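Spelled out, the chains give:
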Amino acid sequence: MLPATIATNQNYSAHRLAEMRDALAKRLHGDTFCVVVTGSYGRHEASDQSDLDYFIIGREAERRQAPHREVADILGKMVTKKPAVNGPFSSYITAEELVNRIGLDGDTNSITTRRLLFLLECEWLYNEAGKRKFFDDLIANYVTTTVTRESIARFLVNDVIRYYRTISVDLKSKPAKATPARHGHRAG
């Protein structure tokens, strides 16, 4: 049996994901893009303290038609804790960047982060079929006909290592939070 907190967070996540999907489906139209969420919602570990790490995926040619404002307005009313400003979330990423530019020029840490989170802990919020198509295209770039049972998907392994490095460097570069003094002792 799951500990109560895990079960509570799974139930909370399922309920909130269903609400977000319903709200987006009522206001958005089109199938050239999808809206996905990663982080605690993608892992089904969300609570009322969770932020919403979402992004819109579409083609470069449709970037201008993407409903940036509508998605931000809808989701902003549903989850009050916002993603980090200028971070990799609450933005538009093209399928060309996410799927076709693995390891090439312009494949930034933000794109690698989104790509790996898309693979590892992603849920759709709008256009499930679109999310599945982008996911299948991405997997097809990692696992080609040259990858056999006896070999490894080298591009995937490389991206996992790059992502781990990005997390490590990011963690190291952030200032440590001060630990409050406890029981009359100074934090050290």
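Just so it is clear, the model here is predicted, and its values are computed rather than measured. (Residues numbered from 1 in each chain as written. Predicted model: local features only at pLDDT ≥ 70, side-chain atom pairs only at ≥ 80, totals over all residues. Heavy atoms only, no water.)

Enquirer: Would you take a moment to explain the nonpolar core for this structure?
Expert: Core analysis: the biggest nonpolar cluster contains 22 residues, and Leu24, Val35, Leu75 and Leu125 have the highest contact counts within it. Taken together, the elements giving at least two residues each to this core come down to α1 (4–27), β1 (33–38), β2 (53–58), α3 (68–78) and β4 (123–126). Look past the residues within four positions of Val35 in its chain and what remains in contact with it is Leu24, Leu28, Tyr54, Phe55, Ile56, Val71, Leu75, Glu123, Trp124, Leu125 and Tyr126. Grouped together as the second largest cluster of nonpolar side chains are 21 residues, Ile102, Leu116, Phe134 and Leu138 included. (Core = buried A, V, L, I, M, F, W, Y, C linked by side-chain atoms within 4.5 Å. Buried < 20%, exposed > 50% of the residue type's maximum accessible area, 1.4 Å probe, protein only. Helix = DSSP H or I, 4+ residues; strand = E, 2+ residues; numbered from the N terminus. Contact = heavy atoms within 4.5 Å.)

Enquirer: What am I meant to see in the state of the cysteines here?
Expert: Scanning the entire structure with this criterion turns up zero disulfides. No disulfide involves Cys34; its sulfur sits 7.4 Å from that of Cys122, the nearest cysteine. Look at Cys34 and you get buried, because its relative accessible area is 0%. (Disulfide = S-S within 2.5 Å.)

Enquirer: What's the story with helix α6 (residues 128–142) in this structure? I'm lost.
Expert: Residues lying three or four places apart along an α-helix face the same way, a consequence of the helix completing one turn every 3.6 residues. Here α6 contains 15 residues, and its C-alpha end-to-end distance of 21 Å stays within 8% of the 21 Å for a straight helix at 1.5 Å per residue. If you check which residues of α6 are buried, you get Gly130, Lys131, Phe134, Phe135, Leu138 and Tyr142. All buried residues of α6 lie within an arc of 135 degrees about the axis, which places them on one face of the element. (Expected span 1.5 Å × (residues − 1). Arc of directions from axis to C-beta.)

Enquirer: Teacher, can you tell me more about the side chain of Thr94 here?
Expert: Take Thr94: it is sitting in strand β3 (residues 91–94). Residue classification places Thr94 among the buried residues on the basis of a relative accessible area of 1%.

Enquirer: Would you mind showing me how to read helix α5 (residues 109–120) here?
Expert: The end-to-end C-alpha distance of α5 is 16 Å, a good match for the 16 Å that 12 residues give at a rise of 1.5 Å each. The buried fraction of α5 amounts to nine of the 12 residues, a majority that puts the element mostly inside the structure. Burial in α5 covers these residues: Ile111, Thr112, Thr113, Arg114, Arg115, Leu116, Leu117, Phe118 and Leu119.

Enquirer: Explain the confidence of the model for the chain to me, please; I cannot follow it from the model alone.
Expert: Any residue range with low pLDDT should be treated as having predicted coordinates unsuitable for detailed reading. Summarising the model, the chain shows a mean pLDDT of 83, and 86% of its residues fall at 70 or more. Within the chain, the lowest mean pLDDT, 76, falls on helix α7 (residues 154–173), and the highest, 97, falls on β4. The low-confidence segment residues 178–188 (pLDDT under 50) makes four contacts with residues lying over four places distant or belonging to another chain. (pLDDT = per-residue confidence, 0-100.)

Enquirer: Any chance you could explain the pattern of salt bridges here in plain terms?
Expert: Should the charged atoms of two oppositely charged side chains come close, the side chains can pair. A full pass over the atoms with the stated rule returns 13 salt bridges. Here Arg21 and Glu123 are joined by a salt bridge, their closest N and O atoms 2.7 Å apart. Of this pair, Arg21 sits in helix α1 while Glu123 sits in strand β4, placing them 102 residues apart in sequence. Classification of Glu123 as buried rests on a relative accessible area of 19%. Across the salt bridge formed by Lys133 and Asp137, the nearest N and O atoms sit 2.9 Å from each other. (Salt bridge = Lys/Arg side-chain N within 4 Å of Asp/Glu carboxyl O.)

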